[in-house]
Amino acid sequence: MSSPEVLVIGGGPAGVSAALELARAGIDVTLCEQGPRLGGAIHRQPDDPTQSVRVPRSHKQRWQAMSDELAASTVKVLCRHMFAGIEATGAVLLEDRIHGRLVTRRPAALVLAMGAIERVAPVPGWHLPGVVTVGGLQVMMKSTGRAPDGDVLIAGSGPLLVALAAQMASLGNAPVAVLERSTRLMSVSVIASLLRAPAYLWEAAGYLLTLARSGILPRRGAFVTAIAPRDGRLSVTTLDRHGRERQMLVDRVALHDGLLPNSNGTMAGQHGPFIVRAGDCREVLGGTAALADGRLAAHAVLAQIGKAVRATKVPAAILARERQAQAALNTLFDYSGRDPAQLPDETIICRCEGRTLGQLRSMLSGDDPVSAREIKLNGRFGMGACQGRFCAEWVASFVASQRADGSPPQASEIVGSRWPVKPVPIAAFVTLPPSHPSE
Amino acid sequence: MAVVGAGIVGMSAAHFLSRAGWQVTVYDAGVVASGATGSADGAVSVASKKPGPLMTLAVAAVKFYEQLVATGILVDEYLPRSTFVVASDHEELAVLERHAGELEAAGVPIRMLKGAALMAVIGAAAPTAIAAAEVQREGHAVGYRVVERLRQLGGFAIRRNCRVSGFESSNGCITGVMTEQGTEPADAVLLATGIGSMHFLAESGLIRPRKGQLIVTDRAGADSPHFPGPLMSCRYLVSKGSQPADSAVASRSLGLVIDPLRTGQFLIGGSREDRDDRETADADVVATLLRDAVALSPSLAQLRIIRVFSGLRAATRDGMPIVGHVGGAENLWIATGFEGDGICLGPMIGRLCQQMICGESPEQDISALDAARFGLTLAAAA
Amino acid sequence: MSDVQSFLFDGVSIPCTGRETIAAALERAGIRVIGTGQGDCTGRYFCGIGACQACLVAVDGARMEACLTPARGGLQVKRILPVSP
Ligand SMILES: Cc1cc2nc3c(=O)[nH]c(=O)nc-3n(C[C@H](O)[C@H](O)[C@H](O)COP(=O)(O)OP(=O)(O)OC[C@H]3O[C@@H](n4cnc5c(N)ncnc54)[C@H](O)[C@@H]3O)c2cc1C
Ligand SMILES: Cc1cc2nc3c(=O)[nH]c(=O)nc-3n(C[C@H](O)[C@H](O)[C@H](O)COP(=O)(O)OP(=O)(O)OC[C@H]3O[C@@H](n4cnc5c(N)ncnc54)[C@H](O)[C@@H]3O)c2cc1C
């Protein structure tokens, strides 16, 4: 009997680590990545290997070691293969973008390591061209090896803000400003927690040093209140911690308010493979944890299919340490975003469908407690192509803020919960061979 | 008045009953439109109806929608348009011509399109289409939006997440509705519970779930060919509704409708499967529907599917809806079993229920739907 | 660079290297508005990881996220213009 196939989705550290660990145990593994190359968010590889962004040496070495092992392993790597979900009979759907077709697999187990997506708190004008996510701008920069041109404003909250700013500065175009919403400062207890995972402290110190040299240390307590187009550029209104308003004219605004697991529509059904999530797709803990979590996921799969697992407490210990470090780190940031009650009615909440806060507000006027499903269907919030990934949380929290009766809807009622996980071209779908003739 | 079920039938009935002076409460086990009404296409259409009472009622139901628009109740929620039934071979053409004749006999305006006229009117049709019947003067309404409009117009109370488990009665009359949140008094009850109706009836196997899977695409681009209205494959006429639900084997059939929505998206459907796993959709059905859709209209291949969902139709043993009085209690009425026609018929049925309950003679002849044909009685457990 | 090729974006020739995405090539060409977009929102590069769907373009007739799709010489890339309601 041939050995059972395991499918791993996502070519970031979690997915690659899971695939390698399974291959080491002699399992037949296929690794699928939607993009053209492996690496994920943290180890994104440059388009032109001679032009790359400086990343910490340890990151580089880690990825090199993994790539080498992968190349020598039995893992089958399929790039430009998008996981589209698990359909009713349990088949895993993969959109093969190289050949423009849909293929199905029935693996014994499925490891989902699709990483995180960024949270961006809505502000008026966040849907304009030139407004990007901080991670999105970093992706562009890591790919091209060049800093984005023009005047760039970075705003929101989280460690990614200074990372991007410093990388831009090193490449010769520092941002005009970094606005960090949080006013919380490093405390002794945070430093103590981070000392157990000192890489973060070193990384942060390096970034801050670079920024200090460029004279653009983050302005704490400041945030963006509105973005508007002006003369082909973006006019940004900001508020600082003393309540002072300021206008800036820039070419780009990069926003970021933390990360969320990218696990939409991946609920296990009645049929279908054993599913394990790994890395940021399960719990947002960063790259080091993703490596360990990939191994843990592989062990869970091995246990499930009855293969012996080499006993080791190492990955679990790493995960615990990283969880503590991330928790400490997160106390420094403020991911709450702007109180929607303070946003003007014309602020777009659902960008795919162009639905505004005012439209949401009017759906909630009156005593009748309309449900999340009614808001979704009739208000069209979360009904567009991104399937609510970027608005569900804000819709839910706004509804909750308007309701005194303690019945806030869950974001999960607005986010898409079914396959396809992402839109699938009809041209690809029709290539699926019929399993039985149509009547 | 207690109306059980906040689908299109229950909400329409609640609307008309409250305007007739009743104090109405609508109870739903889920939320508004959480049953078939929230997971349907919205063909307000005669095109696919079998000749007979259902076709006659559908003709009246289309006029009723027009009336609701004229009186301001459903302004913007009903989109008048033609349906195009397309034949792709000579066998289908024969079926099409016969069906067109029957529609005309029922007073439905029809235009047969062939050759250049066909291509001029339906730019999106495949070159393999040999003829189409344009069924004129019908339209589209989204079930959950109709219900939302009725909710906004108000005049009655809605109790969400409040399942009705049975009734309290005395002297052959219902006096109260038993819910998860306690018993509440009622002078009369209308069951508009769709697939949930069997819980209340003594008969078994009268109403069966018939699953339908539907596909939603992203928006068409400005360069996409023109869809003047929904395209229906002539094959749909063979599979559509009005099939009795008592066939022993779990069967599945596919009929194709490509429905251009006002958003620029398309709804592509649908399957008819005798099963009740409403939360799932399978790739085989979806791929088959999409293959047929692309064969009928090749330009669809440029689009993407963004969502797939399914709903459960309430199919009766004889393929006809059930509207009328339920034995075992004097003040209990029922309106259910609308299979694939409830969005079309729902508002009018709501009105007819109101007339029936108020002791007026209904505007339309609904004797063919009468619950008495099954001798319905209230289940002992209810 | 030896591997410079070009694709057409709404008829305009855009140079690209064999390894970059359509989004990266458009960015280098200074093109920010990459579609009329849906729901009053202009088509644009936003999340960079294929999640937000804002950078959708038609690549040889098929809709693809510009940020995930490799640019190749000879491709016909077009902005997707929505139908007017
Ligand atoms: C935009 C962004 C930038 C970041 N930058 C940094 C940074 O600079 N430093 C840092 O320490 N951390 C960064 N992070 C945090 C980062 O998520 C983790 O450090 C680490 O990369 C997590 O690893 P992972 O394997 O869990 O996920 P990822 O590295 O995100 O890998 C997930 C992979 O899955 C693929 N994928 C997603 N959906 C599908 C699908 N449907 N089908 C097939 N493949 C799919 C993705 O293309 C991706 O390659 C960033 C996160 C984001 C979202
Ligand atoms: C895929 C699909 C496509 C369709 N396309 C069309 C079309 O194009 N044109 C057309 O005319 N029709 C179409 N239909 C049919 C149409 O959707 C239904 O006939 C119609 O919605 C039925 O409405 P209803 O009010 O009778 O039932 P439902 O909408 O099902 O409402 C019944 C309600 O009763 C509630 N309920 C049940 N039991 C209880 C209880 N014990 N206590 C409290 N509440 C309870 C349920 O929660 C539900 O909300 C389609 C249906 C499907 C599934």
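Just so it is clear, the structure is predicted and the values come from calculations on it, not from any experiment.

Enquirer: Could you give an account of the overall build of chain A, naming the residues involved and the relevant values?
Expert: Looking only at helices and strands, chain A has 12 helices and 21 strands in total. Against the 2.2 N^0.38 benchmark of 22 Å for 439 residues, chain A shows a C-alpha radius of gyration of 23 Å, consistent with a compact globule. Expressed along its principal axes, the backbone C-alpha trace of chain A runs to roughly 70 × 55 × 40 Å. Sorting the 439 residues of chain A into buried and exposed places 56% on the buried side. Partitioning the intrachain contacts of chain A with sequence separation of at least 6 by distance along the chain shows that 67% fall at a separation of at least 24. Of the roughly 17,700 Å² that chain A leaves accessible, carbon and sulfur atoms contribute 55%. Across chain A, the mean location of the 47 positive side-chain charges is 5 Å away from that of the 37 negative side-chain charges.

Enquirer: So what about the interface of chain C and chain B? Which residues, and what values?
Expert: Contacts between the two partners involve nine residues from chain C and, on the opposite side, nine residues from chain B. Between chain C and chain B we count two salt bridges in total. Applying the counting rule to chain C against chain B returns four residue pairs in polar contact (both at pLDDT 80 or more). Tallied by class, the residues present in the side of chain C that touches chain B amount to four nonpolar, three polar and two charged.

Enquirer: Describe the site of ligand 2, and please don't skip the residues or the numbers.
Expert: Residue and element names in this part refer to chain B. Close to ligand 2 lie 38 residues; D28, T37, A43, G342 and C344 are nearest. T37 is positioned with one of its side-chain polar atoms (N or O) 2.5 Å from an oxygen atom of ligand 2. For ligand 2, an oxygen atom lies 2.7 Å from a polar atom in the backbone of C344. When the free accessible area of ligand 2 is taken as 1,000 Å², the share hidden by the protein chains comes to 93%. In terms of residue class, the shell around ligand 2 is made up of 17 nonpolar, 15 polar and six charged. Mapped onto the domain boundaries, the shell around ligand 2 takes at least three residues apiece from domain 1 (2-39 + 144-206 + 318-374) and domain 2 (81-138 + 208-315).

Enquirer: Which residues make up the domain arrangement of chain B, and what values do they have?
Expert: Residue and element names in this part refer to chain B. Domain boundaries assigned for chain B yield domain 1 (2-39 + 144-206 + 318-374) and domain 2 (81-138 + 208-315). Here the C-alpha centre of domain 2 lies 30 Å away from the C-alpha centre of domain 1. Facing 14 residues of domain 1, the contacting portion of domain 2 comprises 18 residues. Between domain 1 and domain 2, roughly 1,200 Å² of surface is buried when both sides are summed, and carbon and sulfur atoms account for 52% of that area. On the domain 1 side of the interface with domain 2, the three residues burying the most area are S39, I195 and E339, jointly 53% of the side's total.

Enquirer: For the sheet that holds strand β4 (residues 81-86) of chain A, give the residues involved together with the corresponding values.
Expert: Whenever strands of a sheet pair, they do so through backbone hydrogen bonds, lying parallel or antiparallel. All names here are of chain A. Taken together, three strands build an open sheet; the order of strands is β4-β5-β6 and the sheet is antiparallel. At either margin of the open sheet sits one strand with a lone partner, and together these are β4 and β6 (101-105). Recorded for the sheet is a direction-independent mean angle of 30° between the axes of neighbouring strands. Across five bridges, strand β5 (residues 92-96) lies against β6 in antiparallel orientation. Residue pairing for β6: L93 is matched across the bridge by T104.

Enquirer: Residue-level account of a nonpolar patch on the surface, with values.
Expert: The grouping of M186, I191 and L195 of chain A at the surface amounts to a nonpolar patch, some 270 Å² of accessible area in total. The exposure class of M186 of chain A is partly exposed, given its relative accessible area of 42%.

Enquirer: Please give an account of the nonpolar core that cites residues and values.
Expert: Residues M11, Y65, L190, V323 and I349 of chain B are the most contacted members of the largest nonpolar core, which totals 74 residues. When contributions to this core are tallied by element, the ones reaching two or more residues are α1 (8-19), α2 (53-70), β4 (79-87), α3 (90-105), β6 (131-140), α5 (143-153), β18 (332-336) and α8 (342-357) of chain B. If you tally residues by element for this core, the top one is α2 of chain B, at 11 residues. Counting only domains with at least three residues in this core, you end up with domain 1 (2-39 + 144-206 + 318-374) and domain 2 (81-138 + 208-315) of chain B. Setting aside chain neighbours within four positions, we find V323 of chain B in contact with I334, A335, F338, I349, C353, M356, I366, L369, D370 and A371 of chain B. Counting residues in hydrophobic clusters, the runner-up holds 47 residues, among them L255, V399 and V415 of chain A together with C52 of chain C.

Cut-offs used in this document
- Residues numbered from 1 in each chain as written.
- Chains lettered and ligands numbered in written order.
- Predicted model: local features only at pLDDT ≥ 70, side-chain atom pairs only at ≥ 80, totals over all residues.
- Heavy atoms only, no water.
- Helix = DSSP H or I, 4+ residues; strand = E, 2+ residues; numbered from the N terminus.
- Rg over C-alpha atoms; globule rule 2.2 N^0.38 Å.
- Buried < 20%, exposed > 50% of the residue type's maximum accessible area, 1.4 Å probe, protein only.
- Contact = heavy atoms within 4.5 Å.
- Areas by Shrake-Rupley, 256 points an atom, 1.4 Å probe, with all protein chains shown as cover.
- Lys, Arg positive; Asp, Glu negative; His and termini not counted.
- Charge placed at Lys NZ, Arg CZ, Asp CG, Glu CD.
- Salt bridge = Lys/Arg side-chain N within 4 Å of Asp/Glu carboxyl O.
- Polar contact = N/O pair within 3.5 Å; in protein donor to acceptor, adjacent residues only side chain to side chain.
- Nonpolar A, V, L, I, M, F, W, Y, C, P; charged D, E, K, R; others polar.
- Near = heavy atom within 4 Å.
- Domains from an automatic or database assignment.
- Buried area = accessible area lost by both parts, 1.4 Å probe.
- Pairing = 2+ DSSP bridges.
- Axes fitted to C-alpha atoms, helices over the stretch in contact; angles between N-to-C directions.
- Patch = residues over 30% accessible without salt bridge, like charges linked within 9 Å, V, L, I, M, F, W, Y side chains within 5 Å.
- Core = buried A, V, L, I, M, F, W, Y, C linked by side-chain atoms within 4.5 Å.

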